[in-house]
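Coordinate inspection notes
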Amino acid sequence: EAAIQAEQRRMDLTGEAAAVILFDLDWFKSINDTFGHAAGDKVLTHVAASARAALRQPGDAIARWGGEEFAIFLTGVTIDQAFVIADRLRQSIADTPLTDIAPGLSVTGSFGVAAMTARSNFTKIMADADRALYQAKEAGRNTAKISTLLPQHPQKSAALDPVGSH
């Protein structure tokens, strides 16, 4: 939260936009139940490292948001650019076999993306990203969705993401 507030002060001067991505691992409880909590912890560590590698500049940040949920803060991006980053990370996670952790183990993630401006309320940004995350889950998981409440994208719906549904 402190990093986002500091970035908002900077954005107030530069006029740049930013975005927040919330994502969680699909059916993570079943990973713990099937492969054990030690394997689940290794999966979380692996996914966090993959997400960290997707960050592009020093102002970007990732944090574990709770359980199997992560928050990514991207600076200097439009909502569409943030969506592309989220979808690439989603695909990277889905394409990475985790058989070194446990035989037959793989994981997917669901992603919600929300835009942020210098004047955005932190609680509302997170609620928008969370709402988009739940749209992704409702769409079948292993997908990324943009918050549909953005005034600059009124035409976007769960079925009209720039890269398409996954």
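Reference entry: report on the structure contained in this document. Counting from 1, residues in each chain are numbered in the order their sequence is written. Confidence filtering applies because this is a predicted model: local features only for residues at pLDDT of at least 70, side-chain atom pairs given and counted only at 80 or more, and all residues used for totals across whole chains, interfaces and linings. Each side-chain value is worked out from all heavy atoms of the structure, with water and hydrogens disregarded.

Next up on the list: the sheet that holds strand β1 (residues 18–25). A pair of strands is treated as paired once DSSP finds two or more bridges between them. Helix and strand definitions follow DSSP, with helices as H or I runs of at least four residues and strands as E runs of at least two, each counted in order from the N terminus. With mixed pairing, five strands are arranged side by side in an open sheet as β2-β3-β1-β4-β5. The two strands at the open ends of the sheet, each matched to only one other strand, are β2 (61–66) and β5 (144–146). Between one strand axis and the next, the sheet turns through 20° on average, direction left out of account. One ladder, built from seven bridges, connects β1 with strand β3 (residues 69–75); its direction is antiparallel. For Ile 21, the partnering residue across the bridge sits in β3 and is Ile 72. Strands β1, β2 and β3 of the sheet are contacted by helix α3 (residues 37–54), whose axis makes an angle of about 155° with β1. Orientation is described by lines fitted to C-alpha atoms, with helices fitted over the stretch in contact, and by angles between N-to-C directions that extend from 0 to 180 degrees. Residue contacts follow a heavy-atom distance rule, with two residues in contact if any of their heavy atoms lie within 4.5 Å.

Let's shift gears to the pairing of β2. When β2 meets β3, the two strands line up antiparallel, connected through five bridges. If you follow Ala 61 over to β3, its bridge partner there is Phe 73. A loop of two residues connects β2 with β3, the two strands running antiparallel in sequence, and Gly 67 in this loop sits at a positive phi of about 55°.

Within the secondary structure layout, Leu 44 lies in helix α3. The class for Leu 44 is buried, based on a relative accessible area of 6%. Leaving out residues up to four positions away in the same chain, Leu 44 has contacts with Leu 25, Phe 28, Arg 64, Gly 67, Glu 68 and Phe 70. Think of it in three bands: with a 1.4 Å probe and only protein chains considered, a residue is buried below 20% of the maximum accessible area for its type, exposed above 50%, and partly exposed in between.

Here, a salt bridge means any Lys or Arg side-chain nitrogen found within 4 Å of an Asp or Glu carboxyl oxygen. A full pass over the atoms with the stated rule returns nine salt bridges. The partner of Lys 29 in a salt bridge is Asp 33, and the shortest N-O contact between them spans 2.7 Å. In this pair, Lys 29 and Asp 33 are both assigned in helix α2 (residues 28–35), four residues apart and thus about one turn of the helix distant. Looking at Asp 33, the relative accessible area reads 52%, which means it is exposed. Two residues, Arg 131 and Asp 128, come together in a salt bridge whose shortest N-O distance is 2.7 Å. Of this pair, Arg 131 and Asp 128 both sit in helix α5 (residues 122–138), separated by three residues, roughly a single helical turn. The exposure class of Arg 131 is partly exposed, given its relative accessible area of 36%. Overall, Asp 128 belongs to the buried group, its relative accessible area being 5%. Connected via shared salt-bridge partners are Glu 7, Arg 10 and Glu 16.

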